[in-house]
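Each chain, written out:
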Amino acid sequence: MSNQSKCTLILALDLETREEALAMLARLGDSLEWVKVGLQLFTAYGPDFVREIADKGYKVFLDLKLHDIPNTVAKAVQSISNMPVQLLTLHACGGGEMLEWANKARNDHAPDLNLLAVTVLTSMNEAQLRSLNVQATPETQVIHLADITLKAGIQGLVCSSLELDPLRARFGTEPIIVTPGIRPAGSAADEQKRIMTPAAAAAAGSSYIVVGRPILKANDPAAAAHAIQAELA
Ligand code: C5P
């Protein structure tokens, strides 16, 4: 169990258009500090959209899950250093060398940017790992990838909240740990397979929880977001 006290909500802004995204942010009001821009909006609107969100005062988590040869990922990190982004994801499965090159690019060009390595996607369970010929359990695989990530000097991890206890026990309070796959009690799991409530994830040592559909699809998104923030407080 972690003694990190604060766990912060990040909204996964997984919507189709810029207009829908801006309307959702307007509905959510001031209490939201962090927004995750993922592949859907970034591939549609690019860096200008990231700047637009940052100009509104939000901190941006750019979730591009980079995974390529070390040089290509390092160059992408260098390009992203020109954007107002505080958190950026890459896939731990790219391996130690890719992670080291990415971290060097971060140190050289964007020392205020925190890199997060995605371990095992929260939509994957043991059966899906088997189908990729990975014989480990999700937990063992997450710990293995976390070892590689933190040895490469990367600042944090993305994992399911079910792995928070073993990760905090092994690596302590220092790494940033971001957990998607969060579902308030009573909300639909969608395709997420390894899920936890906001309060349980906070208690287990999550630094940030990422929540999308339970807020975006709620009848009253602002009330849903406030309820989650109240659980975290
Ligand atoms: O709608 P929902 O709350 O399931 O959204 C979760 C968000 O977190 C999505 O944007 C998804 O891409 C992201 N994510 C995830 N699992 C990971 C890493 C990121 O679900 N391991």
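Throughout this document, residue positions are counted from 1 along each chain, in the order its sequence is written. Whole-chain, interface and lining totals are the exception, using all residues; otherwise, since this is a predicted model, local features are given only for residues with pLDDT of at least 70 and side-chain atom pairs are given and counted only at 80 or more. Based on all heavy atoms of the structure, the side-chain values leave hydrogens and waters out of the count.

Participant: Mind laying out the pattern of salt bridges, listing which residues take part and the relevant values?
Facilitator: Salt bridge, as applied in this entry: a Lys or Arg side-chain nitrogen positioned within 4 Å of an Asp or Glu carboxyl oxygen. On inspection of all chains with the given rule, the structure shows 11 salt bridges. Linking Lys 104 and Asp 108 is a salt bridge whose minimum nitrogen-to-oxygen distance equals 2.6 Å. Residue Lys 104 and its partner Asp 108 are both found in helix α4 (residues 96–109); the two are separated by 4 residues, about one turn of the helix. Taken together, the shared-partner salt bridges connect Arg 18, Glu 19 and Glu 52 into one network. Numbering goes from the N terminus for both helices and strands, where a helix is a DSSP run of H or I of at least four residues and a strand is a run of E of at least two.

Participant: If you had to explain the layout of surface pockets to someone new, which residues and values would you point to?
Facilitator: Put plainly, a pocket is an open set of points on a 1 Å grid over the protein atoms alone with protein on both sides within 12 Å along at least five of seven lines, a cavity is a set where a 1.4 Å probe fits but cannot get out, and a lining residue has an atom within 4 Å of a point. Grid points are joined across faces, edges and corners, and a volume is the space filled by probe spheres set on the points. Each pocket or cavity is described by its volume, and for the largest pocket that value is around 560 Å³. What lines the largest pocket is a set of 30 residues, and nearest its centre among them are Lys 36, Asp 63, Lys 65, Pro 180 and Gln 192. Within the residue set of the lining of the largest pocket, elements represented by two or more residues are α2 (39–55), β3 (59–66), β8 (208–211) and α9 (213–216). A total of 3 residues in the lining of the largest pocket trace back to one element, the largest contributor, which is β3. Residues are grouped as follows: nonpolar covers Ala, Val, Leu, Ile, Met, Phe, Trp, Tyr, Cys and Pro; charged covers Asp, Glu, Lys and Arg; every other residue, Gly included, is treated as polar. Of the residues that constitute the lining of the largest pocket, the class distribution is 14 nonpolar, 9 polar and 7 charged.

Participant: Pulling in residues and values, what's your account of the pairing of strand β4 (residues 87–91)?
Facilitator: For β4, the tally of buried residues reaches 5 of 5 residues, placing the bulk of the element in the interior. Think of it in three bands: residues with accessible area under 20% of the maximum for their type are buried, residues over 50% are exposed, and the middle band is partly exposed, with areas taken using a 1.4 Å probe on protein chains only. In β4, alternate side chains face the same way, and those of Leu 87, Thr 89 and His 91 on one face and Leu 88 and Leu 90 on the other are all buried. The pairing criterion is simple: DSSP has to find at least two bridges between the two strands. Two elements, β3 and β4, share 3 bridges in a ladder whose sense is parallel. Residue pairing for β4: Phe 61 is matched across the bridge by Leu 87.

Participant: Can you break down the site of the ligand residue by residue, with the values?
Facilitator: Proximity is defined per residue: if any heavy atom of the residue lies within 4 Å of a molecule or strand, that residue is considered near it. Not every one of the 18 residues close to the ligand is listed here, only the nearest: Asp 14, Lys 36, Thr 122, Arg 183 and Arg 213. As used in this structure description, the phrase polar contact means that two N or O atoms lie within 3.5 Å; if the pair is within protein, one of them must be able to donate a hydrogen and the other to accept it, and residues adjacent in sequence are counted only when both atoms belong to side chains. Contact distances for the ligand include 2.7 Å between an oxygen atom and a side-chain N or O atom of Arg 183. Reported accessibility uses the Shrake-Rupley method at a 1.4 Å probe radius. Residues are deemed covered only where the shown protein chains occlude them. Protein burial of the ligand: of its 460 Å² of free accessible surface, 88% is covered by the chains. For a molecule to be placed in a cavity or pocket, more than half of its atoms must lie within 2 Å of the grid points of that cavity or pocket. When atoms are counted within 2 Å of each cavity's grid points, the one that captures over half of the ligand is the largest pocket. Every element with two or more residues in the shell around the ligand is listed here: β3, β8 and α9. Among the residues forming the shell around the ligand, the class breakdown is 9 nonpolar, 3 polar and 6 charged.

Participant: With reference to specific residues and values, describe the packing of aromatic side chains.
Facilitator: Centre distance and the angle of the planes are the two values used to describe a pair of aromatic rings. Any pair of Phe, Tyr and Trp rings, taking the six-membered ring for Trp, is counted once the centres come within 6.5 Å. Such a pair is stacked with planes under 30 degrees apart, edge-to-face with planes over 60 apart, and tilted for the rest. What the rule picks out here adds up to 2 aromatic pairs. An angle of 70° between the planes, with centres 5.2 Å apart, marks the rings of Trp 34 and Tyr 208 as edge-to-face. One end of the pair, Trp 34, is in strand β2 (residues 34–37); the other, Tyr 208, is in strand β8, with 174 residues separating them in the sequence. Using a relative accessible area of 17% as the deciding quantity, one classes Tyr 208 as buried. Taken together, a centroid distance of 5.9 Å and an interplanar angle of 40° make the contact between Tyr 45 and Phe 49 tilted. Of the two residues, Tyr 45 and Phe 49 are both situated in helix α2; the distance of 4 residues between them amounts to about one turn of the helix. Here Phe 49 falls in the buried class, since its relative accessible area comes to 1%. We count a charge as sitting over a ring when the NZ of a lysine or the CZ of an arginine lies within 6 Å of the ring centre and within 35 degrees of the ring normal. Lying across the ring of Phe 61, Lys 36 places its NZ or CZ 6.0 Å from the centre.

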